[in-house]
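Coordinate inspection notes
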Amino acid sequence: MTSAGTSGATPWWRRAVIYEVYIRSFADADGDGIGDIAGLRSRLSYLAELGVDAVWITPWYPSPMKDGGYDVSDPRGIEPSFGTLTEARQMVADAHDLGLRVLLDLVPNHLSDQHPWFQQALAAGPGSPERARFIFRDGRGATGREPPNDWTSNFGGPAWTRVPAPDGRPGQWYLHLFAPGQPDLDWTNPEVRAEFAQTLRFWFELGVDGFRIDVAHGLAKAAGLPDIGGVACPPPAGERVEHPHWDRDEVHEIYRGWRRVSDDYAGDR
């Protein structure tokens, strides 16, 4: 693969035709009714003949599949029903042999509630380093019965779910801008940032060329998690709105850091 970004030319990804593959339904090589990496490998030559420049693979990581794979329980693994890391490495090599780049879907806003980090957070209790990786808050009202703010889930209902305290009584609430099975990470936490930098490096070293970032506009939340109230989302055309969890300027710092990680690898990642 040649690099288009080091000689002053327009980087390949600025003008690339990118073909999205939802791997679970794209091609099934073993006949079990579920798409897989082997099925994708068997069709790569067809995609090359179409003239596309890159293949974007939706999440292929281990997942309970409560949201089509966007609830990730291990961001550095492969969902067993799709194949293995060895097959993934072979697929990337095959794609490169055909002149195709490979992009992965990265899901940094949230994890699965089955991820070890979240299970540790539930066991550790309020004020713990384990809970600090996520957004846990006490509820409002005298007994904490009300959610911490008025934010709503993209899938309907409140964006908060209450969990039992270690003694069994009702405890804190955790934020999930999507399903309750997708707890939001706290991107002010250095441990979260370091974990995702390591994930980027893992896949770059396996050979992938880049990432499509899921919920890229949602990682940063306003300090204090204020109510949304009457803030319009989306805002009227041409109007700038200060929203507490969408399109905040703080996300750019995160992605500049990822750009520095990708610059450590050859091939205009």
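Attention in this report is confined to the structure presented alongside it. (Residues numbered from 1 in each chain as written. Predicted model: local features only at pLDDT ≥ 70, side-chain atom pairs only at ≥ 80, totals over all residues. Heavy atoms only, no water.)

**Observations regarding the overall build of the protein**
On a plain count of helices and strands, the protein comes out with seven helices and seven strands. Starting at the N terminus and walking to the C terminus, you meet the elements of the protein as α-β-α-α-β-α-β-α-β-β-β-α-β-α. For a compact globule of 269 residues, the expected C-alpha radius of gyration is about 18 Å, and the protein comes in at 20 Å, within 12% of that figure. Projecting the C-alpha coordinates of the protein onto the three principal axes gives extents of approximately 65 × 45 × 30 Å. Burial analysis of the protein (269 residues in total) assigns 48% to the buried set. Nonlocal contacts in the protein, meaning residues at least 24 apart in sequence, comprise 66% of its contacts between residues at least 6 apart. Per element, the accessible surface of the protein, about 13000 Å² overall, is 51% carbon and sulfur. (Helix = DSSP H or I, 4+ residues; strand = E, 2+ residues; numbered from the N terminus. Rg over C-alpha atoms; globule rule 2.2 N^0.38 Å. Buried < 20%, exposed > 50% of the residue type's maximum accessible area, 1.4 Å probe, protein only. Contact = heavy atoms within 4.5 Å. Areas by Shrake-Rupley, 256 points an atom, 1.4 Å probe, with all protein chains shown as cover.)

**Quick word on unusual backbone geometry**
Glycine aside, negative phi is the norm for most residues, and most peptide bonds take the trans geometry. You will see that Val215, though not glycine, has its phi angle at about 50°, which is positive. Within the element layout of this structure, Val215 appears in the loop between strand S7 (210-213) and helix H7 (251-262). The phi dihedral of Asp268 falls on the positive side, at around 55°, and the residue is not glycine. You can see Asp268 is positioned in the segment after H7.

**Notes on the sheet that holds strand S5 (residues 160-164)**
Taken in spatial order, the three strands of this open sheet run S4-S6-S5, and their pairing is antiparallel. Only two strands of the sheet have a single partner each, and these edge strands are strand S4 (136-137) and S5. Inspection of the sheet shows S5 paired to strand S6 (residues 170-175) by four bridges, in the antiparallel sense. Looking at the pairing, Thr161 lines up with Tyr174 of S6. (Pairing = 2+ DSSP bridges.)

**With respect to the layout of surface pockets**
As a volume, the largest pocket reaches approximately 370 Å³. In this structure, the largest pocket is lined by 15 residues; those nearest its centre are Gly210, Phe211, Arg259, Ser262 and Arg269. Where the lining of the largest pocket is concerned, the elements lending two or more residues are helix H1 (12-15), helix H6 (190-206), S7 and H7. Among the elements that line the lining of the largest pocket, the one with the most residues is H7, at four residues. (1 Å grid on protein atoms, 1.4 Å probe; cavity = no way out; pocket = protein on both sides within 12 Å on 5 of 7 lines; lining within 4 Å. Points joined across faces, edges and corners; volume = space filled by probe spheres on them.)

**Focus: the sheet that holds S7**
Spatially, S1-S2-S3-S7 is the arrangement adopted by the four strands of the open sheet, whose pairing is parallel. Of all the strands in the sheet, just strand S1 (18-21) and S7 have a single pairing partner and so form its edges. In this sheet, adjacent strand axes meet at a mean angle of 30° when their direction is disregarded. Taken together, the four bridges between strand S2 (residues 54-57) and strand S3 (residues 101-106) define a ladder with parallel strand orientation. Bridged to Ala54 within S3 is Arg101. (Axes fitted to C-alpha atoms, helices over the stretch in contact; angles between N-to-C directions.)

**What to know about the nonpolar core**
Core analysis: the biggest nonpolar cluster contains 51 residues, and Ile57, Trp60, Met91, Leu104, Trp203 and Val208 have the highest contact counts within it. Elements with a minimum of two residues in this core: helix H3 (37-50), S2, helix H4 (85-97), S3, helix H5 (116-124), H6 and H7. In contact with Val208, not counting residues within four places along its chain, are Val92, Val102, Leu104, Trp203 and Arg269. Residues Leu175, Leu177, Phe178 and Leu225 belong to the second largest nonpolar core, which totals twelve residues. (Core = buried A, V, L, I, M, F, W, Y, C linked by side-chain atoms within 4.5 Å.)

**Considerations on the packing of H3 against H4**
Their axes nearest at 10 Å, the elements H3 and H4 cross at an angle of 10°. Our classification of the angle between H3 and H4 gives roughly parallel. Listed contacts from H4 to Ile37, Ala38, Leu40, Arg41 and Leu44 of H3 are Glu87, Ala88, Gln90, Met91, Asp94 and Ala95. By residue class, the composition of the contact of H3 with H4 is seven nonpolar, one polar and three charged. (Parallel < 35°, antiparallel > 145°, perpendicular 65-115°, else oblique. Nonpolar A, V, L, I, M, F, W, Y, C, P; charged D, E, K, R; others polar.)

**Describing the pattern of salt bridges**
Within the structure shown, the criterion is met by 14 salt bridges. Residue Glu253 pairs with Arg193 through a salt bridge whose shortest N-O separation is 3.4 Å. Linking Glu253 in helix H7 with Arg193 in helix H6, this pair joins segments that are 60 residues apart in sequence. Residue classification places Glu253 among the partly exposed positions, given a relative accessible area of 48%. Linking Arg259 and Asp263 is a salt bridge whose minimum nitrogen-to-oxygen distance equals 3.0 Å. Residue Asp263 is classed as exposed on the basis of its relative accessible area, which comes to 52%. (Salt bridge = Lys/Arg side-chain N within 4 Å of Asp/Glu carboxyl O.)

**Digging into the environment of Pro80**
Along the chain, Pro80 falls in the loop between S2 and H4. Taking the C-alpha atoms as reference, Pro80 lies 8.5 Å from Tyr61; in sequence the two are 19 residues apart.

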